[in-house]
Amino acid sequence: MTTVLVEDLQPDSADAGVPAHLGDPMREQRTLETAVGLVDRSHRDVIAVPGEERASWLHTLTTQHLSDLRAGQGTELLVLSPHGHVEQHALVAEDGGTAWLDTEPGAGEGLLKYLESMRFFTRVEPRDASAEVAVLSLVGPDAPAAVARLLDIDLAAPRVFDVPGPKFAAGSVPAEPTALYDVRRFEGGLARRGRLGVDLLVPRGNLSGVLERLADVPRAGLWAYEAVRVAHRIPRLGWETDHRTIPSEAEFVAPAVHLDKGCYRGQETIARVHHLGRPPRRLVLLHLDGVATDQPPAKGTPVTLDGRQVGFVGTAVRHHELGMVALAVLKRNVPDDARLTVAESAAAIDVG
């Protein structure tokens, strides 16, 4: 098995420190799509929030309904700017004593700085736990069965509640997170069922033991994980977002935004867009034709229509079935049948 690290191929990548692939990226993709594979995502930043007031405190600071978050529950949340732009995105796992927030590599510092600035006299003790806890992901339709067999944990399927229309009645959104992910303790860490499989939050001192228990699960690199994520149209902070992104543009509303909760920073923008109109941009999947090299377009590459820029590429990958595809953020008025250009290559919007 040949392990190729991300930094060996992309020296300046934020994903440095984990395998890009283990010798056969296309086979690894197929494994994640059809069965189950284990992906090292230990480069993710992790913030620990212990303290008896953590749930109500996080509830007031973020877009998610967290005041009644209980042990064994997980979800997603956003931190917005005063104008409603996405500043932070994190996944949550609550174990009964600590809320664990894992976020993109490099984003943890900003998230922790914001949380610390909002502590005041609240009984919480947020800290950077990235050196304490690593994230491993079992990805694929067989992930829950693998976790049950190898770690003796049964995890319920995620629940993502439908977002009601602009004229929803008060109280129609449940008084709980809009996305609920099952979280269970196991000997060695926490397991959280999510949209692509099961994430394991493992104390770094327990990693070798957990990996030994998962020895029968095929390994896959981050390239395969990213290809699956793109095919499922799941956005990533810093890739499918920029300084102007509001949650509805990047499809963060359903899993991470509660539309019927108390005040939080940026709420006015959420309410205005939800009730009065559509966001100015949208997240799409592009099919890229005639790419001159094997290298996908870089993050931030302009997307143009008739010579003018109408959006940007977030994550571009070579998918084992779809070919070269990319998640992109485009102006909403770009027609679905538009023939776009990305780095001199033709692109078509996938409306399926």
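Reference entry: report on the structure contained in this document. (Residues numbered from 1 in each chain as written. Predicted model: local features only at pLDDT ≥ 70, side-chain atom pairs only at ≥ 80, totals over all residues. Heavy atoms only, no water.)

What about helix H2 (residues 25–34)?
Among all positions of H2, only Pro 25, Glu 28, Gln 29, Thr 31 and Leu 32 are buried. For H2, the angular spread of buried residues about the axis comes to 160°, placing them on one side. (Buried < 20%, exposed > 50% of the residue type's maximum accessible area, 1.4 Å probe, protein only. Helix = DSSP H or I, 4+ residues; strand = E, 2+ residues; numbered from the N terminus. Arc of directions from axis to C-beta.)

So, the packing of aromatic side chains
In the structure shown here, the tally under the stated rule is zero aromatic pairs. Over the ring of Trp 239 we find Arg 236, and its NZ or CZ is 3.7 Å from the ring centre. Here the basic side chain of Lys 299 rests over the ring of Trp 239, its NZ or CZ set 4.1 Å away from the ring centre. (Phe/Tyr/Trp six-rings, centres within 6.5 Å; stacked < 30°, edge-to-face > 60°. Lys NZ or Arg CZ within 6 Å of the ring centre and 35° of its normal.)

Some words on the side chain of Thr 103
Following the sequence through the fold, Thr 103 ends up in strand S7 (residues 98–103). For Thr 103, a relative accessible area of 0% translates into the label buried. A polar contact of 2.7 Å, which involves the side chain of Thr 103, links it to the backbone oxygen of His 89. In contact with Thr 103, other than residues within four places in its own chain, are Arg 44, Asp 45, Gln 88, His 89, Ala 90, Gly 108, Leu 111 and Leu 237. (Polar contact = N/O pair within 3.5 Å; in protein donor to acceptor, adjacent residues only side chain to side chain. Contact = heavy atoms within 4.5 Å.)

What to know about the nonpolar core
Side chains of nonpolar character tend, in soluble globular proteins, to be buried together. One finds Leu 138, Phe 186, Leu 200 and Leu 214 to be the most contacted residues of the largest nonpolar core, which totals 21 residues. Contributions of two or more residues to this core are made by strand S9 (133–139), helix H5 (143–151), strand S13 (197–203) and helix H6 (207–213). If near-sequence neighbours (up to four positions away) are discounted, Leu 200 is found in contact with Ala 134, Val 135, Leu 136, Leu 138, Leu 151, Phe 186, Leu 190, Ala 191, Val 210 and Leu 214. (Core = buried A, V, L, I, M, F, W, Y, C linked by side-chain atoms within 4.5 Å.)

Section: the environment of Gly 108
Summarising the element assignment, Gly 108 is placed in helix H4 (residues 108–117). Measuring from C-alpha to C-alpha, the distance between Gly 108 and Val 46 comes to 6.6 Å, with 62 residues separating the pair along the chain. Setting aside anything within four residues of it in sequence, one finds Gly 108 in contact with Asp 45, Ile 47 and Thr 103.

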